[in-house]
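# Per-entry structural report
Here's the letter readout for the chains.
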2 protein chains.
Amino acid sequence: MRLNKEAFRELKLLLGDRLLTRKEDLFPYSFDASSLFFFPDGVALPERKEEVIEILRIADYYEFPIVARGCGTATTGSPLPITGGLVVSFTRMNKILELNLEERTVRVEPGVINGELKAYLKRYGLFYPPDPASYAFSSIGGNVATGAGGPRGLKYGTTKDYVLSLEVALPGGKVLKTGPQTLKGVVPYNLTPLFVGSEGTLGLFLEILLKVIPLPEKRRLYLIFFPEEVLAFHFLTEILKMGLTPASAEFVDKTTLQALREKLEPYKDKAPFSSLLFIELDGSFEEVLKDSQRFERILKERKYPFILADEEEEIERLWEIRRAISPLLKKLGAKKIADDITLPRRALSEFLKFLRDLEKASGISISAFGHAGDGNLHVNLLFEEEKKDIVRSLREQIFKKVLELCGTISGEHGVGYLKRPFVIWELDPLQIEIMKKLKSLFDPKGILNPQIKLPD
Amino acid sequence: MRLNKEAFRELKLLLGDRLLTRKEDLFPYSFDASSLFFFPDGVALPERKEEVIEILRIADYYEFPIVARGCGTATTGSPLPITGGLVVSFTRMNKILELNLEERTVRVEPGVINGELKAYLKRYGLFYPPDPASYAFSSIGGNVATGAGGPRGLKYGTTKDYVLSLEVALPGGKVLKTGPQTLKGVVPYNLTPLFVGSEGTLGLFLEILLKVIPLPEKRRLYLIFFPEEVLAFHFLTEILKMGLTPASAEFVDKTTLQALREKLEPYKDKAPFSSLLFIELDGSFEEVLKDSQRFERILKERKYPFILADEEEEIERLWEIRRAISPLLKKLGAKKIADDITLPRRALSEFLKFLRDLEKASGISISAFGHAGDGNLHVNLLFEEEKKDIVRSLREQIFKKVLELCGTISGEHGVGYLKRPFVIWELDPLQIEIMKKLKSLFDPKGILNPQIKLPD
């Protein structure tokens, strides 16, 4: 299943300069934010949906793999041509097609950058909440393909909660419209969510209709310092049970704190602390004021030191600490393996204790930070090259523990190529059988993203 | 495909008294809230999921139809045995299995009544928003099967936005768990929403995991009187564009007002009015106060008369007017055909004008009321027996107009048996082909709800 001369000729006729075939041009499309590397046979840069459809017709005829790619920020290898073939890059299909103020919807091409959409909507007082860490340079199409989340998931949900309908090109070039164009509708089976998080294995997105909401008027960010690691989780449970729903609740564990030492220098007076929570409240001025009062009352009762940022600029500065984590983690080990497991919130404390024991026993640093609000932690193993073998076993132990605690091995990054061997650990044979049947239903020749997401 | 003696014998062994076969016992299961009537061969009243699974094994072996039934409040015939067979009633599987306060989730059996779940959650300060008009006597399982909506859809979405995962029994008795048990998760394809709104055609629900949210602290209800019908829609657009999101925005048109005359007697001083909007605001005290101020400012600028209810009891009394509509409509004609079309909000005015022209030309009363907030109107044709033929043509004209305006012929009631002939008007051949393939994937012998939802 590679591209032959005839296939190349047809693609060239269709795309001209926008078919890349020279090695140096292909290189940027051979990796993503994982450490994987797979070289494509060619890269297509379509500008119109008709071209995508035609590419799928050609691929169907010659039977070569098609791998959809947004901006390549995936951490799992999902936009990589594992078995070669043609990468279809959506970077040039990046138009915001229609903002409908009456419906509060926006229709976009898949290549629109999440952050650019956010900036555009802001001018109209509107808001598209999903905010993966990569939002400044990841595309909506890629976000939909992975079902991307982000810190705001706690209050606002993830990408799946904002996709109203999709126009999807299927292998062979047929175009499927999923769902009605209205806010409600129950005539067809609801296929839209099947494609959200499908990681390019079922079809290519041509247009995406998103729900948007009014922009919250006010934000306030708290940074809270806990003397013991798990107290952060207990505190989070307590405020949720009170009925408070922060926009974000981001956790930073003890190991990660070491990497953040310099960034946290200004706060070293906050007594010794072992973990942090970033809690952002948002809403109307009145709502934030009221929620803050309730929130601070408990903070003071519990005597946890905290700081707060009230102005947009201060808030962003404080969030910088959280955003600095991923790059700074390199300090703790030459190599890093990052996972994004998700647990029921009540299992977080037990899981963290398990990680500490594992850290102690193995001598390998384990950092666990992220979206505690919805139970989603980014677990990073930080190690030197020579410890590679131990690390594989650690990772397996971690996944086993996650599943034992009724969690999932991926909350928002997806399976891609990296986690593919572990899918059979999480899903039972019937779930896998049905996934495979669905895959065959939409892609009978198996040309879309081979060896991604689905187990063999 | 009817039940034979052996099938009955096996079912009897399994269910004992809870297999109904006497004509008088079957009668209550032969109709729903539509005017359709189909007699089952038998009715099963399982109490445990193992029994449902076993019923499906038996049905698979003898190949007879299985029709799932909640409380029979469907308006489309979806819980009716069109081709005979066994009705599986879930009324005895009505336990609330687990409330998880940390996760804000509740796991229920399908027979739990929506209103009872609401009352149960209220004790914990929690809230399950979907509120079909039937909520006091419809089941969660039925709500999930139809993808039920209700007035609160505008702010809170519909059933699909609250179902986190399902345990589904498939034909033959296999049990499929859809989605992770965590708040986020992207390992499997997201199958949960495929079953929401599937109207019993893909599988039977054994357990349902729902997301719940904190109960809003305060409600306030406005009833607004408009001198011209479409001004209600213009006003609604205006407040949505301001960034206000009411919990509900319910519209009552001119024709419906005739049926409500007595109920509205206390408000006849409100100058002549042609339509109404019920607008409910909810949230924290502060939020509702603030939103009310902004809201009343516009109301006063536009000089629309209004009344408001601020206390729980008053609010419910005012909502009684809205709830009285369906029963009172009978006054306008001996027969009633009810549809629940949904349009993009900006098309509502044009659609209403179209209905008025149709009413004038045909002499048949057309009432259009309901969830204007999300573009969902209940269109009722009210007529005397002898006008039956004209009515069929009117209904077809209405559906055509709806589709021309990019709407859908069902926003929340589903297709069932009644709207089945019109599915091909709304969906294109590829959409239908994929629906049929999905149906075959889950139910290869076609024993689940034959002749419901899918076109021939």
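Residues numbered from 1 in each chain as written. Chains lettered and ligands numbered in written order. Predicted model: local features only at pLDDT ≥ 70, side-chain atom pairs only at ≥ 80, totals over all residues. Heavy atoms only, no water.

### Section: the side chain of Ser362 of chain B
All names here are of chain B. Summarising the element assignment, Ser362 is placed in helix α14 (residues 348-362). For Ser362, a relative accessible area of 15% translates into the label buried. Dropping the residues within four chain positions of it, Ser362 is found in contact with Lys387, Ile390 and Leu394. (Helix = DSSP H or I, 4+ residues; strand = E, 2+ residues; numbered from the N terminus. Buried < 20%, exposed > 50% of the residue type's maximum accessible area, 1.4 Å probe, protein only. Contact = heavy atoms within 4.5 Å.)

### What about the environment of Leu276 of chain A?
Here Leu276 of chain A is to be found in strand β14 (residues 275-283). Residues within four places of Leu276 of chain A in sequence aside, it is in contact with Leu223, Ile224, Phe225, Phe226, Glu250, Phe251, Val252, Leu257 and Leu264 of chain A.

### Section: the relation of the copies chain A and chain B
The two copies are related by a screw operation: chain A maps onto chain B through 180° of rotation and 0.0 Å of translation along the axis, at an RMSD of 0.0 Å. Between the two chains, the operation in question is that of a two-fold axis. (Least-squares fit on C-alpha atoms with pLDDT ≥ 70 in both.)

### Observations regarding the environment of Phe285 of chain A
In this fold, Phe285 of chain A is placed in helix α10 (residues 285-302). A residue is classified by how much of its surface remains accessible, and Phe285 of chain A, at 46% relative accessible area, is partly exposed. Put simply, Phe285 of chain A and Arg219 of chain A are 66 residues apart on the chain and 8.3 Å apart in space, counted from C-alpha to C-alpha. Excluding anything up to four places from it in sequence, Phe285 of chain A contacts Glu217 and Lys218 of chain A together with Lys290 of chain B.

### Some words on the sheet that holds strand β16 (residues 335-342) of chain B
Residues and elements named next belong to chain B. If you walk across this open sheet you meet the 7 strands as β15-β12-β14-β13-β17-β18-β16, and the pairing is antiparallel. Edge positions in the sheet fall to β15 (306-309) and β16, since each has one partner strand and no second. For this sheet the average axis-to-axis angle between neighbouring strands, irrespective of direction, equals 15°. Helix-sheet contacts for helix α8 (residues 231-241) involve β12 (218-226), β13 (248-252), β14 (275-283) and β18 (376-383), and the interaxial angle to β14 is about 25°. (Pairing = 2+ DSSP bridges. Axes fitted to C-alpha atoms, helices over the stretch in contact; angles between N-to-C directions.)

### Quick notes on the domain arrangement of chain A
Residue and element names in this part refer to chain A. Taken domain by domain, chain A holds domain 1 (5-89), domain 2 (96-214), domain 3 (218-326) and domain 4 (332-418). Between the C-alpha centres of domain 2 and domain 3 the distance comes to 30 Å. It is Pro151, Leu154 and Lys155 in domain 2 that bury the most area against domain 3; as a group they hold 67% of the surface buried on that side. There are 1 salt bridge connecting domain 2 and domain 3. With a shortest N-O distance of 2.7 Å, Lys155 and Asp282 are connected by a salt bridge. Scanning the region where domain 2 abuts domain 3 turns up 3 residue pairs in polar contact (both at pLDDT 80 or more). Of the residues in the side of domain 2 that touches domain 3, the class split is 4 nonpolar, 1 polar and 2 charged. (Domains from an automatic or database assignment. Buried area = accessible area lost by both parts, 1.4 Å probe. Salt bridge = Lys/Arg side-chain N within 4 Å of Asp/Glu carboxyl O. Polar contact = N/O pair within 3.5 Å; in protein donor to acceptor, adjacent residues only side chain to side chain. Nonpolar A, V, L, I, M, F, W, Y, C, P; charged D, E, K, R; others polar.)

### Section: helix α17 (residues 429-442) of chain B
In an α-helix, one full turn covers 3.6 residues, which means residues spaced three or four apart are oriented alike. The end-to-end C-alpha distance of α17 of chain B, which contains 14 residues, comes to 20 Å, matching closely the 20 Å that a straight helix rising 1.5 Å per residue would cover. Here α17 of chain B has its buried residues at Leu430, Gln431, Ile432, Ile434, Met435, Leu438, Lys439, Leu441 and Phe442 of chain B. If you follow the buried residues of α17 of chain B, they end up packed against β9 (175-178) and α16 (429-442) of chain A together with β9 (175-178), α7 (192-195) and α16 (423-426) of chain B. Capping of α17 of chain B at its N-terminal end is provided by Asp428 of chain B; its side-chain oxygen lies 3.1 Å from the backbone amide nitrogen of Leu430 of chain B. (Expected span 1.5 Å × (residues − 1).)

### Quick look at the pairing of β9 of chain B
All names here are of chain B. A one-sided burial pattern is seen for β9, the buried positions being Leu176 and Thr178 and the unburied ones Val175 and Lys177. Of the strand pairs in this sheet, strand β8 (residues 163-169) and β9 are connected by 4 bridges, and their pairing is antiparallel. Bridged to Leu166 within β9 is Thr178. The turn joining β8 and β9, which pair antiparallel and follow one another in sequence, is formed by 5 residues; a positive phi near 95° is taken by Gly172.

### Focus: the pattern of salt bridges
Opposite charge on two side chains permits them to pair, given that their charged atoms come into close proximity. Throughout the structure, instances matching the rule amount to 106 salt bridges over all chains. With a shortest N-O distance of 3.9 Å, Glu103 of chain B and Arg345 of chain A are connected by a salt bridge. Taken together, the positions of Glu103 of chain B in the loop between β5 (96-100) and β6 (105-108) and Arg345 of chain A in the loop between β16 (335-342) and α13 (348-362) put the pair across two chains. We classify Arg345 of chain A as buried; its relative accessible area is 7%.

### Description of the pairing of strand β13 (residues 248-252) of chain A
All names here are of chain A. Burial analysis of β13 places 5 of its 5 residues in the buried class, the great majority of the element. Residues Ser248, Glu250 and Val252 of β13 are buried on one face, and the alternating residues Ala249 and Phe251, pointing to the opposite face, are buried as well. Relative to β14, β13 runs antiparallel, the two sharing 5 bridges. Along β14, the bridge assignment pairs Ala249 with Ile279. The sheet contact formed by β13 and strand β17 (residues 365-371) spans 2 bridges and is antiparallel. Bridge pairing links Phe251 to Gly370 in β17.

### A look at the nonpolar core
Note on soluble globular proteins: their nonpolar side chains tend to be buried together. Counting 185 residues, the largest nonpolar core has Ile224 and Phe351 of chain A together with Phe195, Ile224 and Phe351 of chain B as its most contacted members. With near-sequence residues (within four places) excluded, Phe351 of chain A lies in contact with Ile341, Leu343, Leu377, Val379, Ile398, Lys401, Val402 and Leu405 of chain A. (Core = buried A, V, L, I, M, F, W, Y, C linked by side-chain atoms within 4.5 Å.)

### Some remarks on the sheet that holds β5 of chain B
Residues and elements named next belong to chain B. What the 5 strands build is an open sheet, ordered β5-β6-β10-β8-β9; its pairing is antiparallel. Each edge of the open sheet is held by one strand with a lone partner, namely β5 and β9. Here the average twist between neighbouring strands, direction ignored, is 10°.

### Quick look at the interface of chain A and chain B
Facing the 81 residues of chain A at the interface are 82 residues of chain B. For the pair chain A and chain B, the summed buried area comes to about 6600 Å², and 61% of that belongs to carbon and sulfur atoms. Area buried by chain A at its contact with chain B is led by Lys184, Val187 and Tyr189 of chain A, which between them contribute 15% of it. Taken together, chain A and chain B are joined by 14 salt bridges. Between Asp374 of chain B and Lys184 of chain A there is a salt bridge, and its shortest N-O distance comes to 3.5 Å. Where chain A meets chain B, there are 32 residue pairs in polar contact (both at pLDDT 80 or more). Elements represented by at least two residues in the side of chain A that touches chain B include exactly β5 (96-100), β9, α7 (192-195), α8 (231-241), α10, α15 (423-426) and α16 of chain A. Among the elements that take part in the side of chain A that touches chain B, α16 of chain A stands out by supplying 10 residues, more than any other. Class assignment for the residues of the side of chain A that touches chain B results in 32 nonpolar, 26 polar and 23 charged.

### What to know about the confidence of the model for chain A
Averaged over every residue, the pLDDT of chain A is 95; residues scoring 70 or more account for 100%. Our summary of model confidence lists the complex with pTM equal to 0.96 and ipTM equal to 0.96. (pLDDT = per-residue confidence, 0-100.)

### Focus: the packing of helix α1 (residues 5-15) of chain B against helix α3 (residues 49-62) of chain B
Residues and elements named next belong to chain B. Relative to each other, α1 and α3 sit at 170°, their axes nearing to 10 Å. Our classification of the angle between α1 and α3 gives roughly antiparallel. Packed against α1, whose contacting residues are Glu6, Ala7, Glu10, Leu11, Leu14 and Leu15, the element α3 presents Glu51, Glu54, Ile55, Ile58 and Tyr62 at the interface. Considering only residue class, the contact of α1 with α3 consists of 7 nonpolar, no polar and 4 charged. (Parallel < 35°, antiparallel > 145°, perpendicular 65-115°, else oblique.)

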